[in-house]
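As a plain string of letters, each chain reads:
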Amino acid sequence: MFWPPMLNASDTVIHLLPRSLRARTNLLLIAGLCVVQAAGLTIHALDHLNIADRAEMHDNEHHAFSIYHTLVELPPADRQAGLDAIEIPSNFKIVLDTRPDTHFPNSFIPLPFAMNPMMRSNPPSERQEEGGFPPPGDMGGEGHNPFPFEGMPPPPAGFDPGVSEERRPPPFMPPALSGIGMLPARLRPQRMVMGHKPGTRHYAMSLQMPDDHRWLVMNYTVRPPNPFGSPTFMISFALMTICGGGLILWGSLRLIAPVATLANAATALGRDVHTQPLPESGPTEIRQAAMAFNTMAARIRRFVTDRTLMLTAIGHDLRTPITRLKLRAEFIDDDELRDKFLADLDEMESMVAATLAFGRDSSTQEPMTALDLGALLQTIADEAAEARPDLADQVSYQEPDHAIRIKARSLALKRALTNLVMNALKYGGSATISVTCARGPGQEKNVCIRIDDNGPGLPQEDLERMFEPFVRAETSRNRETGGTGLGLAIARSTVRGQGGDVTLVNRPEGGLRASVILPL
């Protein structure tokens with residue numbers, strides 16, 4: 001079973017890339033800009049997360065202190081009603097209970113630490129009497145619980161936080177409740193228990209009322225900061241990307257434009273060797289490329305001109321001896337020999353005339369004009385039928401669905417197409433002319449003129465050789481030929497001089513097809 005070849009990753013990526021150099025350059029630079037922008041803004045956002053997280057913790061501390069302050073000033077009998085009337089933040093869950101929170105691993109918080117922020121930030125270096133503080137070595141070093149109050153004297157008798165030593169939580173640092181220290185002594189809580197669920201952002205704070213055995217249990221979630229919550233984040237990203245992308249598009253256009261100019265100049269040179277030279281201006285590299293191109297074009301023009309002048313001079317110089325030989329052949333008494341001499345001289349004269357025509361067509365300076373291709377092909381078909389009245393019924397032209405206009409040298413193109421049509425009638429016995437629009441390998445718009453005949457065709461190896469000068473396929477086509485073998489060479493030279501090409505191919509149903517490709 002045959003399986004189609006699989007494309008590897010690199011081939012797939014290349015296939016998905018844009019075709020033009022400008023588009024690929026823009027894609028690469030804009031993608032790089034977006035990556036750099038995203039990396040920079042991500043670094044900024046990550047840096048902002050710590051600040052936002054601290055601000056969120058401070059807000060939760062403020063809410064907790066405000067709620068406790070509000071309830072502790074109420075009489076004990078009114079505190080439940082007051083709690084129900086308080087507008088509680090959505091991330092808080094608050095109840096009055098007889099016990100502290102037992103859902104999260106928790107720890108006892110000595111109140112002097114919570115009430116004195118200076119002592120909390122700068123604890124003494126030596127362990128003090130009861131109510132003192134542990135040294136720094138006991139506050140988070142390796143092998144020690146970083147919670148700052150492990151090893152403190154136990155809480156007063158009767159205190160039961162509901163947590164055994166085995167359930168002692170992993171270390172965590174509770175938010176500072178320094179505001180409690182600003183309350184009068186009569187309003188300060190008797191005990192404080194902080195709880196935290198490891199690996200989450202859920203916390204629990206339990207405060208025992210100073211004049212009541214009940215506990216104010218506050219469960220809250222520290223909401224994760226959102227770096228994208230600020231509208232300026234995405235707005236700044238979009239503005240910087242748009243501005244950078246605009247500069248990239250403008251810069252790539254300026255950089256790639258000379259490449260397109262060079263490609264257009266090369267295409268124009270293929271159509272006409274006498275096209276205008278490139279302007280030698282711009283940056284150093286562009287000037288050097290333009291100078292090299294103009295030098296190459298000048299050499300091509302000189303080569304074509306020298307070849308044309310050589311062919312024309314040879315053909316012109318041969319006319320005089322041929323004419324002289326014809327005159328001398330008239331004095332030959334043997335009629336058969338004289339006729340053979342004259343036939344050979346006539347053939348030589350026709351070859352010389354064809355050579356001169358080839359040189360003339362190669363050096364012509366006929367201007368490019370816009371013309372109706374359909375009308376031109378109809379004229380060629382009519383003239384071919386008049387030239388060969390015996391085959392007039394075998395000449396046909398299939399008109400296109402719409403008018404096709406091209407820019408070409410009308411006289412030279414007409415001679416080339418007439419040559420192909422007459423060859424089809426002479427060697428194939430018929431000529432069917434059709435025209436269609438198509439796209440070339442580079443997706444450029446072209447027009448294709450097809451001239452089909454019903455002759456014997458040509459061997460595959462002779463299809464390209466037929467365009468060489470003075471080549472005739474006598475062994476494969478009708479022997480009643482004449483001609484010099486320059487017709488197809490002249491036709492191809494003319495069409496290529498206008499940016500097109502001529503090819504021959506054998507038709508599957510029999511006969512030969514001559515295809516003329518011209519740019520629109």
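Caption draft 1: The sheet that holds strand β10 (residues 445-452), seen in detail. Read from one edge of the open sheet, five strands run β7-β9-β10-β12-β11, paired in mixed fashion. Each edge of the open sheet carries a strand with a single partner, namely β7 (395-398) and β11 (501-506). For this sheet, the mean inter-axis angle between neighbouring strands, taken without regard to orientation, is 20°. Relative to strand β9 (residues 431-439), β7 is paired through four bridges, and the arrangement is parallel. Residue pairing in the sheet places Q398 in a bridge with S434 of β9. Lying over the sheet, helix α9 (residues 373-387) contacts β7, β9 and β10, oriented at roughly 170° with respect to β7. The strands touched by helix α11 (residues 487-496) are β11 and β12 (512-519); relative to β11, the strand with the most contacts, the crossing angle is about 130°.

Caption draft 2: Representation of helix α2 (residues 21-72) in the model. With 52 residues, α2 extends 74 Å between its outermost C-alpha atoms, agreeing within 8% with the 76 Å of an ideal straight helix rising 1.5 Å per residue. Most pronounced at L49, the bend in α2 amounts to some 25°.

Caption draft 3: Looking closely at the packing of helix α10 (residues 410-428) against α11. One can describe the packing of α10 onto α11 by two numbers: an axis separation of 9 Å at closest approach and a directional angle of 145°. Classified by chirality, the crossing of α11 by α10 is left-handed. Contact residues: α10 offers A412, L413, A416, N419, L420 and N423, while α11 offers G487, L488, A491, T494 and V495. Here the contact of α10 with α11 is built from residues that sort into seven nonpolar, four polar and no charged.

Caption draft 4: Inspection of a nonpolar patch on the surface at higher detail. A surface patch of nonpolar side chains, amounting to about 260 Å² of accessible area, comprises M310, I314 and L318. Structurally, the position occupied by I314 is in helix α7 (residues 284-329). Exposure remark for I314: the relative accessible area of 44% places this residue in the partly exposed category.

Caption draft 5: Just the sheet that holds strand β3 (residues 192-196), in detail. Read across the sheet, five strands follow the order β1-β5-β4-β3-β2 without closing on themselves; strand pairing throughout is antiparallel. Where the open sheet ends on each side, the last strands, each with one partner, are β1 (92-97) and β2 (106-108). Strand-to-strand twist across the sheet, computed as the mean angle between neighbouring axes with direction ignored, equals 15°. Examined bridge by bridge, β2 and β3 share three bridges and lie antiparallel to one another. Across the sheet, residue N106 finds its bridge partner in β3, namely G195.

Conventions adopted
- Residues numbered from 1 in each chain as written.
- Predicted model: local features only at pLDDT ≥ 70, side-chain atom pairs only at ≥ 80, totals over all residues.
- Heavy atoms only, no water.
- Pairing = 2+ DSSP bridges.
- Helix = DSSP H or I, 4+ residues; strand = E, 2+ residues; numbered from the N terminus.
- Axes fitted to C-alpha atoms, helices over the stretch in contact; angles between N-to-C directions.
- Contact = heavy atoms within 4.5 Å.
- Expected span 1.5 Å × (residues − 1).
- Bend = angle between axes of the 7 residues up to and from the residue.
- Left-handed = near helix turned anticlockwise from the far one by under 90°.
- Nonpolar A, V, L, I, M, F, W, Y, C, P; charged D, E, K, R; others polar.
- Patch = residues over 30% accessible without salt bridge, like charges linked within 9 Å, V, L, I, M, F, W, Y side chains within 5 Å.
- Areas by Shrake-Rupley, 256 points an atom, 1.4 Å probe, with all protein chains shown as cover.
- Salt bridge = Lys/Arg side-chain N within 4 Å of Asp/Glu carboxyl O.
- Buried < 20%, exposed > 50% of the residue type's maximum accessible area, 1.4 Å probe, protein only.

So yeah, pure geometry; function would need other evidence.
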